[in-house]
Amino acid sequence: MTEIKTSAKGRILCVLGPTNTGKTHLAVERMLSHRSGIIGLPLRLLAREIYDRAVQIKGDRAVALVTGEEKIIPRGAQWFVCTVEAMPLDRAYDFLAIDEVQLAADAERGHVFTDRLLQARGTEETMFLGADTMRGLIRRLVPNAEFIARPRLSQLSYAGAKKLSRLPKRSAIVAFSASDVYAIAEQVRRQRGGAAVVLGALSPRARNAQVALFQNRDVDVMVATDAIGMGLNLDIEHMAFAEMTKFDGVGMRPLMPAEVAQIAGRAGRHMRNGTFGTTADCPAMDPDLIERIENHRFEPVNAARWRNTDLDFRSVEALVRTLELPPPREGLTRGRDADDLLSLQALREDAAVQERATSKDRVELLWQVCAIPDFAKDLHDSHARLLSQLYVHLCDRNGKLPSDWVAGQLRNIDRTDGDIDTLSQRLAHIRTWTTVTHRGGWMDDAASWQGKTRSIEDRLSDALHEKLTERFVDRRTSVLSRGLEEDAAALDVKLGEDDALTVEGEIIGHLHGLRFRPVGHDTVEQRRILRSAALRVLGPALAERAAALVELPDEAFALSPEGGIQRITPEKDAVMLAVLAKGSEMLEPKVSLLADDQLPGETRKAVEEKLTGWLKRHLRQHLGDLYRLRDAELKGAARGLAFQLAENLGALKRDDVSDLVRNMGQAERHPLRKMGVSFGETHILATKLLKPKPTQLKTLLWAIFNSKEPEAPPTPGLTSVPLLEWRDDAWWLAAGFLRAGRQAYRLDIVQRIAEGGRQAEMASRQYFRKDPAGHDRPKGGRAGEPKPEAAVVAETPAEDMHVEETPASQAPAEEVLVEAAAVPDPAAEGASLAALAESVKAETAPDAARDVAPDVVPAEAAPKLSGPKKRLGPPGSFVADTAWMNLAGCGPDELQRLLWALGYKTITARDPETKEDVTLYLRSHKAIVAKREREQEKRKADEAKMADSPFAALMALKQQPQKPPHKGGGKRR
């Protein structure tokens, strides 16, 4: 047996029980709670379903999908969702799970599940899921395993034999051959209007399309093979067996009780009960079998299928011998020869294969070729010929397949004409080629070939789905047709408890909230007649539902991330009642009711007022600071600043309101600070609104007011996020983030880093004001006296310092920081550097008209400067603290972009002692000039706006000279 490749340490937990116990759901939750994990599932379709669910939770960059026909493996993926056969076990995982472990007893696939049971382990936790019949066998094979029994969530009961025409709605009929499935589906079409068809030979895309017919209630019956018994979680209420025997590859045999229970268990999901029985010509079930299924009592599995995995590739004969070795221990038994072994036995008789399979590498390659599955199943000779051709090409072309030969093979398959059987055969062949394109780099430009085979498979799947639907679905039943020919008012129209509107027992639509949604693809005339009949019950039903909505408490409503007001009920899915629309203000969106015209006007108005009131309370509950700022009774500049903060959802660039802030004293700022406003280096913001819920609401309000699609806000708890797609800077500001380069940073973190930079500048300037003994330097610079700052700067050799302005159009990552060549006149160079330092000092000196000091983070919370003790650059230059990167959750490149966005440029200086280059940051002269220009432009725009305002006209009128009053007592004539 193969040596265990994953760690044998960690807890081994077996979760056993019947169907509908939530075992798989539990395993997925456990996997995603670990740092890494892998789960092996029995079907590709189920693997895709679990993968999609995991991606919704963890994101597509963290989850991988690995099946025989499809591989999606992002770099750095932490969680792997796979079919059991395709699990990559060449690495360690914290968590590992195998689903439907009872398949270890399967004659064809059992050896794979047995190998995983014996060999595969997670380093921290291993979980095996399956039927309780495996308990004793697992206890013998894995002595240290723990067991948990899971009861079924709903009751499963026998409902007896029923005719096809009398089967309840939401029924699934099971047969065991394609011909029987088609014959039954044809009868259902004639009697019930149509049926969805599910066979194991269908591609996942075609199978999903057929399942959607059933799930969307386009049809009420599904006809399927036993492929339905594993992995498909469907809305089935009754499972009917049309046969109780099946062909297992050797001969016909009766179904085992555990197999019947596995299929019957598809009826009733979650907390809904289900029933099972027989139909068509199938005899009634034995009472003992019924009792076993209802009480989940079955014979235990005594042996698992086994095949040796420690293979000898020295020759084909040696490989076959190791594959046919007997089991090494009790509880294991040889399984039936699998397709890969049958293919190997056929190919070793091929002369071309014999000629090439002469080395260990060639024999191992032959075994890889034999592992390619035959999805057609009934053309083994044809499949063997294809495998032989593949092997010969791989051997003769250094492990690569010829592109022209592959293209010719695909052209023969890429046709959508023909009947159902022809399309099914082509679909089986293209699935084989999809597997080939995913195998070990056999193709040049494999990704392109994978896309081609996937495209062909999709076209064939769609064509097959259309053929199946055309043949087996007729939405106009004879009963409904007879009713339509008569008076529409005489039709039996009912609205059921599940909100389904039926006409003569046939579903024609559903009532979603206050809207009617028709289903089906009838003619325009039929839809007109059906809707006329439906109006008899729609009007009263809508009025009654609307009246109930008005009486509901606030807890019954919720606001979706997309901007929809929903009604939340514990027993049903959320129902959309209204959507938000642009209002006169960003903080006052309108409510647009989603209701049919049949809803009376007064009732419609009452519902709108109810939802509008709820929305106002909901927004004020989570965004109360914004509304308090908007409505605060303040004066002067404080009033204007509060209003702008509310208009901009709690965050403003300080440069944009510099005039207001400059004219505000501490007394004017105090009431704003009491309302949670923080005055920072770069932004003025309401800090409480950076929490997740306010952030989600702010971005939603911004999108609605600006007529944009709502975007998901940054993940809560992150101080910075990478920019995966472009979003407006105003959106980031509403979300409480600043975009800098390819990263966005939370504003409170930006404030702390900006304050850290300001403190570092001050510390740097203070250093240059001290002599080595720590005393203040005098302003002179004569011999024997401490040197002025310019001379100190000049002491740094010109070749050890390089100052380069950051281009305004480029990010710092695009700067080229090169070492300057030696300057012929060091004194002149030193003087220029000193002049630069004085210029920067003058530009960055505190403005007397500006506030004394912006709000700062407490000293214990603010980042502190660290770096070389010796100052290497001009006054105001500093080394970025590594703590800033930890604070912002970014690397040095991203921090450089952030500091560039805050107005700093990079300079390099060489330490004369270590001879190493040190990157320093210095306030950019261009940034200072640009800031002043922006302030001047804004001041001019404000003055121009004021000059055109009625207030300016009134002030001009008041300033005109007044005529002296008329002296004298009498009236002036």
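Residues numbered from 1 in each chain as written. Predicted model: local features only at pLDDT ≥ 70, side-chain atom pairs only at ≥ 80, totals over all residues. Heavy atoms only, no water.

Visitor: How should the overall build of the chain be read in this particular structure?
Guide: A tally of helices and strands in the chain yields 32 helices and 35 strands. Buried positions account for 48% of the 973 residues belonging to the chain. Sequence-distant contacts, at least 24 apart, represent 67% of the contacts inside the chain between residues at least 6 apart. Total accessible area computed for the chain in this model is approximately 47300 Å², and 51% of it derives from carbon and sulfur atoms. (Helix = DSSP H or I, 4+ residues; strand = E, 2+ residues; numbered from the N terminus. Buried < 20%, exposed > 50% of the residue type's maximum accessible area, 1.4 Å probe, protein only. Contact = heavy atoms within 4.5 Å. Areas by Shrake-Rupley, 256 points an atom, 1.4 Å probe, with all protein chains shown as cover.)

Visitor: Looking at this structure, how should I read the environment of A546?
Guide: Summarising the element assignment, A546 is placed in helix α18 (residues 524-550). Distance in space between the C-alpha atoms of A546 and T603 is 6.7 Å, their sequence separation being 57 residues. Residues in contact with A546, not counting those within four places in the same chain, are L514, L599, T603 and V607.

Visitor: Quick question: what am I supposed to make of helix α1 (residues 23-33) here?
Guide: Given 3.6 residues per turn, any residue in an α-helix points the same way as the ones three and four places further on. Where α1 is concerned, the buried positions are K23, T24, A27, V28, M31 and L32. All buried residues of α1 lie within an arc of 160° about the axis, which places them on one face of the element. Summarising the contacts, the buried residues of α1 are in contact with β1 (11-16), β2 (37-41), α2 (44-58), β5 (79-83), β6 (95-98) and β7 (125-130). (Arc of directions from axis to C-beta.)

Visitor: What is the right way to look at the sheet that holds strand β11 (residues 196-198) in this model?
Guide: Hydrogen bonds along the backbone pair up the strands of a sheet, which may run parallel or antiparallel. With respect to topology, 6 strands assemble into an open sheet ordered β9-β16-β13-β10-β12-β11, the strand pairing being parallel. Two strands lie at the open edges of the sheet, namely β9 (156-162) and β11, each paired on one side alone. Shown here is a sheet whose adjacent strand axes are inclined to one another by a mean of 25°, direction ignored. By the bridge criterion, 3 bridges tie β11 to strand β12 (residues 221-224) in an arrangement that is parallel. Across the sheet, residue V197 finds its bridge partner in β12, namely V223. (Pairing = 2+ DSSP bridges. Axes fitted to C-alpha atoms, helices over the stretch in contact; angles between N-to-C directions.)

Visitor: Is there a simple way to explain the nonpolar core in this structure?
Guide: Considering soluble globular proteins, one finds that nonpolar side chains tend to be buried as a cluster. Membership of the largest hydrophobic core comes to 65 residues, with the highest contact counts inside it found for L514, L611 and L672. Beyond its immediate stretch of four places on either side in the chain, L672 contacts L629, L634, A638, L641, A642, M664, V677 and F679. (Core = buried A, V, L, I, M, F, W, Y, C linked by side-chain atoms within 4.5 Å.)

Visitor: Would you mind showing me how to read the environment of P300 here?
Guide: When you line up the elements, P300 lands in the loop between α8 (287-295) and β17 (304-306). Residue classification places P300 among the partly exposed residues on the basis of a relative accessible area of 46%. In this structure the C-alpha to C-alpha distance between P300 and L137, which are 163 residues apart in sequence, comes to 8.0 Å.

Visitor: How do you make sense of the packing of aromatic side chains when you look at a structure like this?
Guide: The geometry of an aromatic ring pair is captured by the separation of the ring centres together with the interplanar angle, meaning the angle of the planes. For the structure on display, the rule yields 10 aromatic pairs. Taken together, the aromatic side chains of F878, W884, Y904 and Y921 make up a single cluster linked through ring pairs. Between the NZ or CZ atom of R170 and the centre of the ring of F214, over which it lies, the distance is 3.9 Å. Positioned above the aromatic ring of W449 is the side chain of K452, whose terminal nitrogen or guanidinium carbon lies 4.3 Å from the ring centre. (Phe/Tyr/Trp six-rings, centres within 6.5 Å; stacked < 30°, edge-to-face > 60°. Lys NZ or Arg CZ within 6 Å of the ring centre and 35° of its normal.)

Visitor: Sorry, what's going on with the packing of helix α6 (residues 204-215) against helix α16 (residues 446-472) here?
Guide: Geometry of a packed helix pair, given as the angle between the helix axes and the separation of the axes. Where α6 contacts α16, the two axes come as close as 8 Å, and the packing angle between them is 35°. Handedness of the α6/α16 crossing: right-handed. Contact residues: P204, R205, A206, A209, Q210 and L213 in α6; E457, D458, S461, D462, H465, L468 and T469 in α16. Split by residue class, the contact of α6 with α16 holds 5 nonpolar, 4 polar and 4 charged. (Left-handed = near helix turned anticlockwise from the far one by under 90°. Nonpolar A, V, L, I, M, F, W, Y, C, P; charged D, E, K, R; others polar.)

Visitor: I would appreciate a short explanation of the pairing of β1 in the present structure.
Guide: On any regular strand, side chains alternate: one points to one face of the sheet, the next to the other face. A large share of β1 lies buried, amounting to 5 of its 6 residues. When β1 meets β7, the two strands line up parallel, connected through 6 bridges. Bridge pairing links I12 to T126 in β7. Relative to strand β8 (residues 146-149), β1 runs parallel, the two sharing 4 bridges. What sits directly across from L13, in β8, is E146.

Visitor: Can you help me understand helix α9 (residues 316-323) in this one?
Guide: Burial within α9 is extensive, with 6 of its 8 residues counted as buried. Here α9 has its buried residues at V316, A318, L319, V320, T322 and L323. Those residues of α9 hidden inside the fold are in contact with β18 (332-334), α10 (339-347) and α12 (360-370).

Visitor: Sorry, what's going on with the packing of helix α19 (residues 601-622) against helix α24 (residues 692-705) here?
Guide: Look at α19 against α24: their axes get within 9 Å of each other, and the N-to-C directions meet at 130°. For the element pair α19 / α24, the angle class is oblique. Taken together, the residues of α24 that come into contact with α19 (itself represented by H618, L619 and H622) are K693, P694, L697 and L701. For the contact of α19 with α24, a count of residues per class yields 4 nonpolar, 2 polar and 1 charged. (Parallel < 35°, antiparallel > 145°, perpendicular 65-115°, else oblique.)

Visitor: Even after reading the chapter, I still don't get the sheet that holds strand β32 (residues 743-746), so can you show me in this structure?
Guide: The strand order across the open sheet built from 3 strands is β30-β32-β31, with neighbouring strands paired in antiparallel fashion. Every interior strand has two partners, whereas the edge strands, β30 (720-722) and β31 (737-740), have only one. When the angles between neighbouring strand axes are averaged without regard to direction, this sheet yields 25°.

None of this, on its own, says anything about what the molecule does.
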